[in-house]
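Chain by chain, the residues:
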Amino acid sequence: MVKTLRDCCLAWIARNISTISRLGTFLSVRDKEILLERLCWHGLLTTQSIPYVTYHLFSDTLQRVNLSYCNQVDDKLLEVLSQSGCRPTHVTIHECPSVTNKGVIGLSKILLDVRELKLRRLKHITSEGIQSIASKSLKYLNLRKCDGITDAGLMAVVRNCPNIERLNVCELHKLSDTSVVCVAQTLGSKLVELKAKDVNLITSESALALGKHCPNLSKAVFESCVKLGGEGLIQMAESCPLSYLDLSFCYKVSKEHLDIIVTTLKAKSSLKHFVSLGMGFSPITVELLSSVPSLTHLSLCGVTELNDAMIDVITRNVGVTLIELDVSGCLELTDMACTSIAKHCQCLETLGMMNLREVRGVELSRLFLDKRAENFKCITLSGTKNLPIYVVKTIVENCSNLEILTMAGLKSISDEIAFSIAAHCPSIMQISFRNCDLTDLGVCQIAIHCPKLIMIALAGIHDLTDKCIIALAENCPCLNELYLSGCAKITKQAVTYLMDCAIDWVFVNHSTPNAPFGLLMAKDLDKGEYTRVDDLPLEPLVRRTNAM
């Protein structure tokens with residue numbers, strides 16, 4: 001897939017915005033919004049271009065403003081935006097380290113009609129900045145990892161925006177029960193989703209308040225809330241119609257409390273998605289989970305007690321309804337678990353089996369030899385090192401709708417598998433190899449035949465060169481994640497070229513401490529291959545003289 005003509009035109013405009021007269025009159029509102037996004041993604045908001053950007057793109061008709069991954073977005077730019085007269089409904093400011101409280105306070109003047117507000121990973125934002133936000137239209141607020149925000153700030157913003165339905169406060173480490181109780185009391189029946197991952201000061205007091213005041217709460221994420229006890233969660237289970245519950249690493253929740261929670265949700269037939277990474281399980285918990293008729297997504301990564309018999313009980317009872325099953329890191333599992341999964345699971349779309357040292361997966365191949373293979377969209381096998389190569393080949397040859405495939409650490413992976421992916425998985429979007437025998441040829445085939453690719457991990461594959469990076473740059477314009485650590489023959493110049501070609505901002509991890517000193521790669525014009533040239537012998541320079 002190549003870029004559309006529209007994308008090519010927008011890319012050209014973004015790089016020549018200072019030379020086009022009356023540009024704003026020729027652009028639709030959506031074109032202006034997209035241009036503003038891409039100027040941020042590619043670091044094109046320079047001192048020279050900003051006057052033209054503000055003149056041509058900042059208009060009173062803007063509805064969606066996305067300023068992400070850009071050091072050049074600062075308080076001054078946000079102030080100019082606030083003076084444009086626009087009243088956006090969707091605003092995102094993400095990983096812009098130059099933005100401070102002053103900028104957010106200035107921006108708040110135009111947020112009266114905002115419905116979705118995402119202020120994520122802004123390290124200089126504190127409670128002072130968000131207290132000025134006030135909108136009765138706001139339905140979704142995301143403050144993830146703005147770690148300067150305290151209870152006072154969150155309490156102020158929910159009081160100023162009393163109609164919030166979805167709230168994300170993940171990784172706000174200064175929050176405590178005080179603010180969560182205020183959220184529950186203020187938002188009440190309007191709150192349907194709360195994500196509070198790594199808010200590690202909250203206790204059962206928060207859960208009790210949510211259970212008491214939020215009768216419509218259907219999604220709750222409490223991953224790594226290590227002080228959260230089971231008493232409050234039981235209250236939530238009794239009062240809220242929870243369909244999605246994440247209790248990963250909530251170590252204070254005992255097995256007995258977990259059993260009561262599952263029993264309560266089972267009686268209400270509301271639970272569809274249950275995540276419990278690293279938690280303690282008992283056979284009773286497994287029996288209860290396996291009898292929840294509405295269960296469709298089950299993630300039990302790192303549950304040390306989980307064994308083959310438990311997997312058999314789960315799949316026998318809810319295998320016909322399970323869409324997602326993730327048992328990665330459950331070290332007691334063997335091929336008997338694979339047999340149960342292949343026998344009973346009829347409509348799986350996501351299967352996670354990473355880091356299972358006792359699994360060879362021979363019986364698992366049965367799952368991919370009938371019409372069930374077409375259902376699969378995500379399969380993660382990284383670290384399951386005893387998996388035979390023919391099982392992987394069976395997967396890629398039959399799962400034609402696959403979007404995510406991870407095989408990191410499977411050293412038997414070679415170009416043969418890459419060719420098979422290129423031939424049979426045109427919809428693949430995320431793929432992870434790492435530490436295998438892949439070459440440029442295999443990666444190039446994937447780049448050419450899998451144009452929807454947005455993430456590829458190739459770390460530790462030492463023979464890859466710039467050739468595969470150029471192929472990715474020219475064929476996968478939507479790529480936004482690239483992992484190349486240890487790929488010493490890939491140059492920074494090739495990676496920069498890829499980043500320039502991509503539509504989106506591209507996250508690149510390319511650490512090469514193993515690179516030889518003075519490494520220089522160049523393309524051999526005769527062979528079309530990239531080779532090392534810094535160690536070639538220098539030929540003496542012969543000066544030509546004109547014949548007399």
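Residues numbered from 1 in each chain as written. Predicted model: local features only at pLDDT ≥ 70, side-chain atom pairs only at ≥ 80, totals over all residues. Heavy atoms only, no water.

## Quick look at the nonpolar core
So, point 1. Counting residues in hydrophobic clusters, the biggest one holds 177 residues, and the most contacted among them are Phe 222, Ile 421 and Phe 433.
So, point 2. Here Phe 433 is in contact with Met 407, Ala 408, Gly 409, Ile 413, Ile 421, Leu 438, Ile 446, Ala 457, Leu 458 and Ile 461, once residues within four sequence places are set aside.
So, point 3. Among the nonpolar cores identified, the runner-up in size contains five residues, and Val 221, Val 275, Leu 277 and Cys 301 belong to it. (Core = buried A, V, L, I, M, F, W, Y, C linked by side-chain atoms within 4.5 Å. Buried < 20%, exposed > 50% of the residue type's maximum accessible area, 1.4 Å probe, protein only. Contact = heavy atoms within 4.5 Å.)

## Comments concerning helix 11 (residues 255-268)
So, point 1. Taking 1.5 Å per residue, 14 residues should reach 20 Å; helix 11 reaches 20 Å between its end C-alpha atoms and fits that length.
So, point 2. The set of residues buried in helix 11 consists of His 257, Leu 258, Asp 259, Ile 261, Val 262, Thr 264 and Leu 265.
So, point 3. Buried residues along helix 11 sit against helix 10 (230-239), strand 8 (244-246), strand 9 (273-275) and helix 12 (283-289).
So, point 4. Phi for Ser 269, located one or two positions after helix 11, is positive at around 55°. (Helix = DSSP H or I, 4+ residues; strand = E, 2+ residues; numbered from the N terminus. Expected span 1.5 Å × (residues − 1).)

## So, the layout of surface pockets
So, point 1. Each pocket or cavity is described by its volume, and for the largest pocket that value is around 510 Å³.
So, point 2. Along the wall of the largest pocket there are 24 residues; nearest its centre are Trp 41, Asn 66, Ser 68, Tyr 69 and Arg 120.
So, point 3. Only helix 2 (29-41), strand 1 (64-68), strand 2 (90-94) and strand 3 (116-120) provide two or more residues apiece to the lining of the largest pocket. (1 Å grid on protein atoms, 1.4 Å probe; cavity = no way out; pocket = protein on both sides within 12 Å on 5 of 7 lines; lining within 4 Å. Points joined across faces, edges and corners; volume = space filled by probe spheres on them.)

## A few points about the packing of helix 7 (residues 151-160) against helix 8 (residues 177-187)
Any two packed helices are characterised by the angle at which their axes cross and by the distance between the axes.
So, point 1. Between helix 7 and helix 8, whose axes approach to 9 Å, the crossing angle comes to 5°. Comparing their axes, helix 8 and helix 7 come out roughly parallel. In this structure, helix 7 contributes Asp 151, Leu 154, Met 155, Val 158 and Arg 159 to the contact, and helix 8 contributes Thr 178, Ser 179, Cys 182, Val 183, Thr 186 and Leu 187.
So, point 2. Counted by class, the contact of helix 7 with helix 8 contains six nonpolar, three polar and two charged residues. (Axes fitted to C-alpha atoms, helices over the stretch in contact; angles between N-to-C directions. Parallel < 35°, antiparallel > 145°, perpendicular 65-115°, else oblique. Nonpolar A, V, L, I, M, F, W, Y, C, P; charged D, E, K, R; others polar.)

## Here's the deal with the pattern of salt bridges
So, point 1. Evaluation of the coordinates by the stated rule reveals 16 salt bridges.
So, point 2. For Asp 312, the salt bridge is made with Arg 316, and the minimal N-O distance between the two is 3.2 Å. With Asp 312 and Arg 316 both in helix 13 (residues 308-318) and four residues apart, the pair spans about one turn of that helix.
So, point 3. A relative accessible area of 23% places Asp 312 in the partly exposed class.
So, point 4. Its relative accessible area of 48% is what places Arg 316 among the partly exposed residues.
So, point 5. For the salt bridge of Arg 372 with Asp 370, the shortest nitrogen-to-oxygen distance reads 3.1 Å.
So, point 6. Note on Arg 372: relative accessible area 10%, which makes it buried. (Salt bridge = Lys/Arg side-chain N within 4 Å of Asp/Glu carboxyl O.)

Any functional reading would require information that these geometric values do not contain.
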